[in-house]
Amino acid sequence: VDSHQDRDQLKMKAAEAAVAEVKDGMIVGLGTGSTAWFAVESIAKRVAEGLRITAIPTSEQTAEHAHRLGVPLSSLAEHHRIDLTIDGADEVERSDLNLIKGGGGALLREKIVASASAQLVIIVDEAKLVDRLGVHFPVPVEVVPFGWQATARRVGNLGSTPSLRVGADGKTFVTDGGHYILDCAFGPIASPAQLESELNSIVGIVENGLFIGLTSQVVVAGSGHVDILRPRAARAG
Ligand code: A5P
């Protein structure tokens, strides 16, 4: 699948398959990014048809989109427990369904929402499945602006080349939380869980885009098929 349009078709298929799992009365986490965008569209359609849900957005961008389409919104302040979150990812590790997220810059809120969710359903097109995380995509690391250069140096010492993210306007990208993002190219990551905790023990780092053990299900759309992947523990049980 190479054309942009074909890829959008796959994103839409994955999104619609995930949204089909949403049931009346659920608290639903809404992800961020171009794939999650299709999930918001699809949920809005079901809401217009009478589905009753309350949604918790993972970014200002998604909140604005959902609000505009009439999806009822709330926050984690009102609902500490989310039934089901639907979100995209930048890379999905085939074996354990660990993820790299944050290409859209919403990783902190996405991780908070994912951690509060009974189920995290990830929607991707098949190009995002990898054997090892980090092969194609750098790990986004959210840092406080104060002293970010010193923080970047310490991330570099873990074996990466961090680069400060710049927005489309040519200015330093600032997250919804007012932080910066270092895109850290590590190459293939042998132990994502270990790297996640090493990163988060560096002062100045707010969060990182490695999502370990959070995925309940990955909906993968390829040309002519939609597959559901589940983590090993769930498959065994
Ligand atoms: C947003 O911060 C990200 O975590 C997205 O979920 C991720 O970048 C996937 O985005 P796309 O669906 O646009 O590829």
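This text goes with the structure placed above it.
The present account deals with the structure reproduced in this document. From a predicted model like this one, the values you see are computed outputs, not experimental measurements. (Residues numbered from 1 in each chain as written. Predicted model: local features only at pLDDT ≥ 70, side-chain atom pairs only at ≥ 80, totals over all residues. Heavy atoms only, no water.)

Side note on the overall build of the protein chain
To keep it simple, the criterion reads: Only DSSP runs of H or I reaching four residues or more are called helices, and only runs of E reaching two or more are called strands; each is numbered from the N terminus. With C-alpha atoms as the basis for the radius of gyration, the globule rule is written as 2.2 Å multiplied by the number of residues raised to the power 0.38. Relative accessibility under 20% of the residue-type maximum defines a buried residue, over 50% an exposed one, and the middle range a partly exposed one, all with a 1.4 Å probe and only protein chains included. Using a 1.4 Å probe, accessible areas were evaluated by the Shrake-Rupley method; residue-level cover was limited to the displayed protein chains.
Within the protein chain, the regular secondary structure consists of 7 helices and 14 strands. Since a compact globule built from 237 residues should have a radius of gyration of about 18 Å, the 17 Å found for the protein chain is in line with a globular shape. Counting only C-alpha atoms, the protein chain reaches 50 × 40 × 35 Å along its principal axes. Within the protein chain, the proportion of its 237 residues that are buried is 48%. Surface exposure of the protein chain reaches about 11000 Å², of which carbon and sulfur atoms provide 51%.

A short note on the packing of aromatic side chains
Two measures describe an aromatic ring pair: the distance that separates the ring centres and the angle between the ring planes. Here is the rule we go by: When the centres of two rings from Phe, Tyr and Trp lie within 6.5 Å, Trp using its six-membered ring, the rings pair. Their planes under 30 degrees apart give stacked, over 60 give edge-to-face, and anything left gives tilted. Whether a charge sits over a ring comes down to the Lys NZ or Arg CZ being within 6 Å of the ring centre and within 35 degrees of the ring normal.
Across all of its chains, the model carries 1 aromatic pair by this definition. Against the face of F211 rests K101, its NZ or CZ located 5.6 Å from the ring centre. If you follow R165 out to its NZ or CZ, it ends over the ring of F173, 5.6 Å from the centre.

Re the site of the ligand
Worth spelling out the cut-off: Consider each residue's heavy atoms; a residue with any of them within 4 Å of a molecule or strand counts as near. Polar contact is the term for a pair of N or O atoms within 3.5 Å; when the atoms are in protein, one must be able to donate a hydrogen and the other to accept it, and sequence-neighboring residues count only if both atoms are side-chain atoms. Here the term charged refers only to Asp, Glu, Lys and Arg, the term nonpolar to Ala, Val, Leu, Ile, Met, Phe, Trp, Tyr, Cys and Pro, and the term polar to all other amino acids, Gly among them.
In the neighbourhood of the ligand, 17 residues make up the surrounding shell, with S34, T35, D90, E110 and K128 lying closest. Within the side chain of E110, one N or O atom sits 2.6 Å away from an oxygen atom of the ligand. For the shell around the ligand, the elements supplying multiple residues, two or more each, are α2 (34-48) and α4 (107-115). For the shell around the ligand, a count of residues per class yields 3 nonpolar, 9 polar and 5 charged.

Notes on the environment of V92
Put simply, the rule is: Note on contacts: a residue pair is in contact if any heavy atoms of the two residues lie within 4.5 Å.
Structurally, V92 can be placed in strand β4 (residues 91-93). Expressed as a C-alpha distance, the spacing of V92 and G50, which sit 42 residues apart in the sequence, is 33 Å. Filtering out sequence-adjacent residues up to four positions away, V92 remains in contact with L97, N98, L99, I122, V124, K128, L129, V130, L133 and V218.

Some points on unusual backbone geometry
Of note, the phi angle at L97 is positive, near 60 degrees, even though the residue is not glycine. Mapped onto the elements, L97 comes out in the loop between β4 and β5 (99-100).

Describing the sheet that holds strand β1 (residues 27-30)
Note the cut-off: In this analysis, strands are considered paired if DSSP registers two or more bridges between them. Structural elements are reduced to axes, namely lines fitted to C-alpha atoms, with helices fitted over the stretch in contact, and the angle between N-to-C directions of any two is expressed from 0 to 180 degrees.
If you trace the 6 strands from one edge of the open sheet to the other, you get β2-β1-β3-β6-β13-β14, paired in mixed fashion. Edge positions in the open sheet fall to β2 (54-57) and β14 (225-229), since each of these has one partner strand only. In this sheet, neighbouring strand axes are inclined to one another by 20 degrees on average, regardless of whether the strands run parallel or antiparallel. Alignment of strand β13 (residues 217-222) against β14, held across 5 bridges, turns out to be antiparallel. When the bridges of β14 are listed, V219 appears paired with I228. Packed on one face of the sheet, α4 meets β1, β2, β3 (82-87) and β6 (117-125) and runs near 130 degrees to β6.

Re the pattern of salt bridges
Filter applied, for reference: A pairing counts as a salt bridge when a side-chain nitrogen of Lys or Arg comes within 4 Å of a carboxyl oxygen of Asp or Glu.
One pass over the full model with this rule turns up 12 salt bridges. The partner of R232 in a salt bridge is D96, with the nearest N and O atoms 2.6 Å apart. On the criterion of sequence distance, the pair formed by R232 in helix α7 (residues 232-236) and D96 in the loop between β4 and β5 is long-range, its members being 136 residues apart. With its nearest N and O atoms 3.8 Å apart, the salt bridge here joins R109 to D176. Taken as a pair, R109 in helix α4 and D176 in the loop between β9 (161-164) and β10 (180-185) lie far apart in primary sequence, 67 residues in all. Looking at R109, the relative accessible area reads 30%, which means it is partly exposed. Assessed through its relative accessible area of 38%, D176 is described here as partly exposed.

Remarks on the packing of α2 against helix α3 (residues 60-68)
Here is the rule: Orientation labels follow simple angle bins: below 35 degrees gives roughly parallel, above 145 gives roughly antiparallel, 65 to 115 gives roughly perpendicular, and whatever is left gives oblique. By definition, any crossing whose near helix is turned counterclockwise from its far helix by less than a right angle is left-handed, and any crossing with a clockwise turn is right-handed.
At a minimum axis separation of 9 Å, α2 and α3 run at an interaxial angle of 25 degrees. Relative to α3, the element α2 is oriented roughly parallel. Here α2 and α3 pass one another in a crossing that is right-handed. Taken together, the residues of α3 that come into contact with α2 (itself represented by W37, V40 and E41) are T62, H65 and A66.

Section: the side chain of S42
Relative to the assigned elements, S42 resides in helix α2. Classification of S42 by relative accessible area gives buried; the value is 10%. When neighbours within four sequence positions are excluded, S42 is seen to be in contact with E16 and V19.

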